[in-house]
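Listed below, chain by chain, are the residues.
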Amino acid sequence: MRLRTTRVAAVIASAALVAAAGASTTTATAASPACATRVNNNIPLLLECMDLAGVREHQAALQAIADANGSTRVSGSPGYNASVDYVEARVKAAGWKVTRQAFDFQTFISLSPSVLERVAPPPAGPLEHVIMSYSGSGDVTAAISTPSGAVTGCDASDWAGFSAGTIALVQRGGSTATLTCTFALKAENARAAGAVGIVIYNNAAGPLNGTLGATYTADFPAVGITQALGLELAATPGLLLHLKTDTLRGIATTYNVLAELPGKNTKNVVMTGAHLDSVNAGPGINDNGSGSAALVELAENLSKVKPQNTIRLAWWGAEESNLVGSTYYVNTLPQAELDRIALYLNFDMIGSPNHVFFIYDGDDSDGVGAGPGPAGSAQIEKTFEAYFTSRGLSFKGTDFSGRSDYGAFIANGVPSGGLFTGAEGIKTPEEAAIWGGTAGQAYDPCYHQACDTYANNNDTALAENSDAVAYATLSYGMSTNLINGTKSKGNFRPPVDKDHVLATS
């Protein structure tokens, strides 16, 4: 159902209540009244109008939508559709050309809360866990067994002599140069050995939020737990667990939202994107209401600008179902249209409570994980470095790990970059000394959980990153000379603070 004007008003009214309830946690101040009418065609003007209170208003709207729809905005659900309606209405009202792109995907919805309970020996009670995306349904009470071979259970031979009728307990990891040991592979090996369910524990500190993948169809319950809990369970003799999952998997239609601000050069397109969907478990207000809200605020403050290059904003659907929306968009673009995209900027989780200012490592100067992005990605990284340097803020590289919507763009040779403040990774003491926060805890302790609400936020991270989103988008909207040699608009120059030396990584 399309969100009618009255429903938009209702969402905004609910959002005001959410924002008011969280007012004591925010230091946001109102933007200049002039922002409603002026043309923000240079960096200082735009950044003056990129208002933290505005970004938080949009996050509050997404929270209100989740509150009205079972506490989730997962793609394929009414909560996601209402999120699409909200973004579309706000950005259209700002004067952008907005389109919805529909696509089908394999949806996953948890119909009731999953259960993992210790039954025996005492003490009995619930155990912290996260349901694996695309888990099947099941309700079993059984003893646990581990593989007789490697604890990761990646090879069928690891399961020789496994006790059929028990719940499998295995460790994450085990991939080799010739074998990618997915959670789905572990689950299928366990099921083939006669297990009635599987509990996978992490191979590092922190919770395990995993997916079996959209192609997994077996009715086999699967959940993830922490490394500490997994080792404790493995060492408990006579352990009996109750495992229950109640899920729906099927083909659903969902949407990308695309908004365009035509430039003088329509053949040179600057794309900026953020995924709009949450996981099934919660509202997703940091992941990724933060990036999505920043883009809405950017759209409202750029609408009167006539850029040199066309600016296209994207709110992706079904990212949490393995990057489906952005992949569909890129893969269905005619080659001539793909060739018009000068670069892609990605903003996924930019307000994590225990944040680090991460910039995607376009030149692979960190030498971690994947190699460099396509030619031009190094320059995008330097653009973000210039922003943080001008603000006197430290930053750190992060790998193009393939976990967000830049993936399809990079695979098709589009220069890419973006920002990130951390998910389930653990903050080191060295990082805490630089950015504050708590060492030994996740960057986002509520990652993929019900507690990823309006309160799950760091104002400093969100404010600075929202400004960085605007800085990079307008800079490239006026000139992509650094990327592809296309000339700039007149005398437009991004500001650089000469008191700071530009970092090299």
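What comes next concerns the included structure. Each chain has its residues counted from 1, running along the sequence as written. This being a predicted model, a pLDDT of at least 70 is required before a residue's local features are given, and a value of 80 or more before pairs of side-chain atoms are given or counted; all residues contribute to the totals for chains, interfaces and linings. Side-chain measures were taken over the full set of non-hydrogen atoms in the model, leaving aside hydrogen atoms and water.

### A few points about the packing of aromatic side chains
At step 1: Stacked, tilted and edge-to-face are the three classes applied to pairs of Phe, Tyr and Trp rings, where Trp contributes its six-membered ring and a pair requires centres within 6.5 Å; stacked means planes under 30 degrees apart, edge-to-face means over 60, and tilted covers the rest. In total, this model carries 19 aromatic pairs according to the counting rule given.
At step 2: Sitting over the ring of Y454, R56 keeps its end group 3.7 Å from the ring centre.
At step 3: A cation over an aromatic ring shows up here: R100 above the ring of Y255, its NZ or CZ 5.4 Å from the ring centre. Comment: the charge-over-ring label is applied if NZ (Lys) or CZ (Arg) is within 6 Å of the ring centre and within 35 degrees of the ring normal.

### Quick look at empty space enclosed by the protein
At step 1: In this analysis a 1.4 Å probe is tested at points of a 1 Å grid over the protein atoms alone, and where it fits but cannot get out there is a cavity; an open set with protein on both sides within 12 Å along at least five of seven lines is a pocket; lining residues have an atom within 4 Å of a point. Grid points are joined across faces, edges and corners, and a volume is the space filled by probe spheres set on the points. Counting across every chain of the model gives one cavity of 30 Å³ or more.
At step 2: A volume near 30 Å³ is recorded for the largest cavity.
At step 3: If you go around the largest cavity, the residues you meet are H58, L62, Y86, V87, L276, S292, A293, V296 and W315.
At step 4: Each helix corresponds to a stretch of at least 4 residues labelled H or I by DSSP, and each strand to a stretch of at least 2 residues labelled E; elements are numbered beginning at the N terminus. When residues of the lining of the largest cavity are traced back to their parent elements, those giving at least two are α3 (52–67), α4 (78–93) and α7 (289–302).
At step 5: With three residues, the single largest contributor to the lining of the largest cavity is α7.
At step 6: As a working rule, the residues Ala, Val, Leu, Ile, Met, Phe, Trp, Tyr, Cys and Pro are called nonpolar, Asp, Glu, Lys and Arg charged, and the rest polar, with Gly in that last group. Its residues assigned to classes, the lining of the largest cavity shows seven nonpolar, two polar and no charged.

### Looking at the state of the cysteines
At step 1: Two cysteine sulfurs form what is called a disulfide whenever their separation falls within 2.5 Å. For the structure shown, the criterion picks out three disulfides.
At step 2: Linked covalently through their sulfurs, C35 and C49 form a disulfide whose S-S length is 1.9 Å. Disulfide C35 to C49: torsion about the S-S bond roughly -90°, handedness left-handed. Taken together, the residues C35 in the loop between α1 (5–21) and α2 (43–49) and C49 in helix α2 connect sequence positions 14 residues apart. In terms of burial, C35 and C49 fall into one category: buried.
At step 3: Disulfide pairing places C446 opposite C451 at an S-S distance of 2.1 Å. Between C446 and C451, the S-S torsion sits near -115°, and that sign places the bridge as left-handed.
At step 4: Cysteine pairing in the protein chain follows 1-2, 3-4, 5-6, where each cysteine in a disulfide is numbered by its order in the sequence. Buried means the residue's accessible area, taken with a 1.4 Å probe over protein chains only, is under 20% of the maximum for its type, while exposed means over 50%, and partly exposed covers the values in between.

### Re the sheet that holds strand β2 (residues 115–120)
At step 1: Pairing is mixed in the open sheet, where eight strands are placed in the order β3-β2-β9-β5-β6-β7-β8-β4. Each edge of the open sheet is held by one strand with a lone partner, namely β3 (125–126) and β4 (130–131).
At step 2: A pair of strands is treated as paired once DSSP finds two or more bridges between them. Pairing between strand β5 (residues 138–145) and strand β6 (residues 167–171): two bridges, direction parallel. Looking at the pairing, S145 lines up with A168 of β6.
At step 3: Contacts are assigned to residue pairs with any non-hydrogen atoms lying within 4.5 Å of each other. Angles shown run from 0 to 180 degrees and are taken between the N-to-C directions of axes, each axis being a line fitted to C-alpha atoms and, for helices, limited to the stretch in contact. On top of the sheet, helix α5 (residues 183–192) reaches β6 and β7 (197–201); it is set at about 140° to β7, its chief contact.

### Notes on the pairing of β7
At step 1: Of all five residues making up β7, five are buried, and the element is well covered by its neighbours.
At step 2: Residues G197, V199 and Y201 line one face of β7 and the alternating positions I198 and I200 line the opposite face, and both faces are buried.
At step 3: With five bridges joining them, β6 and β7 adopt parallel strand pairing. Counted as the bridge partner of A168 is I198 from β7.
At step 4: Tracing the backbone out of β6, into α5 and back to the parallel element β7 gives a crossover that is right-handed.
At step 5: Bridging between β7 and strand β8 (residues 222–225) involves four bridges; their strand directions are parallel. Bridging from a neighbouring strand, V199 pairs with V223 of β8. Classification remark: right-handed applies to a crossover when, strands pointing away from the viewer, the course from the first strand over the helix to the second runs clockwise.

### Quick look at the pattern of salt bridges
At step 1: Only one rule defines a salt bridge in this text: a Lys or Arg side-chain nitrogen within 4 Å of an Asp or Glu carboxyl oxygen. Taken as a whole and assessed by the stated rule, the structure comprises 15 salt bridges.
At step 2: Residues D219 and R249 are paired through a salt bridge, measuring 3.4 Å at the closest nitrogen-oxygen approach. Linking D219 in the loop between β7 and β8 with R249 in strand β10 (residues 247–261), this pair joins segments that are 30 residues apart in sequence.
At step 3: For E424, the salt bridge goes to R403, with nearest N and O atoms at 3.2 Å. With E424 in the loop between β16 (416–420) and α12 (429–435) and R403 in the loop between β15 (396–398) and α11 (406–411), the pair connects residues that are 21 residues apart, well separated along the chain.
At step 4: Take E424: its relative accessible area is 14%, and that puts it in the buried class.
At step 5: One continuous salt-bridge network, built from bridges that share partners, spans E57, R90 and E300.

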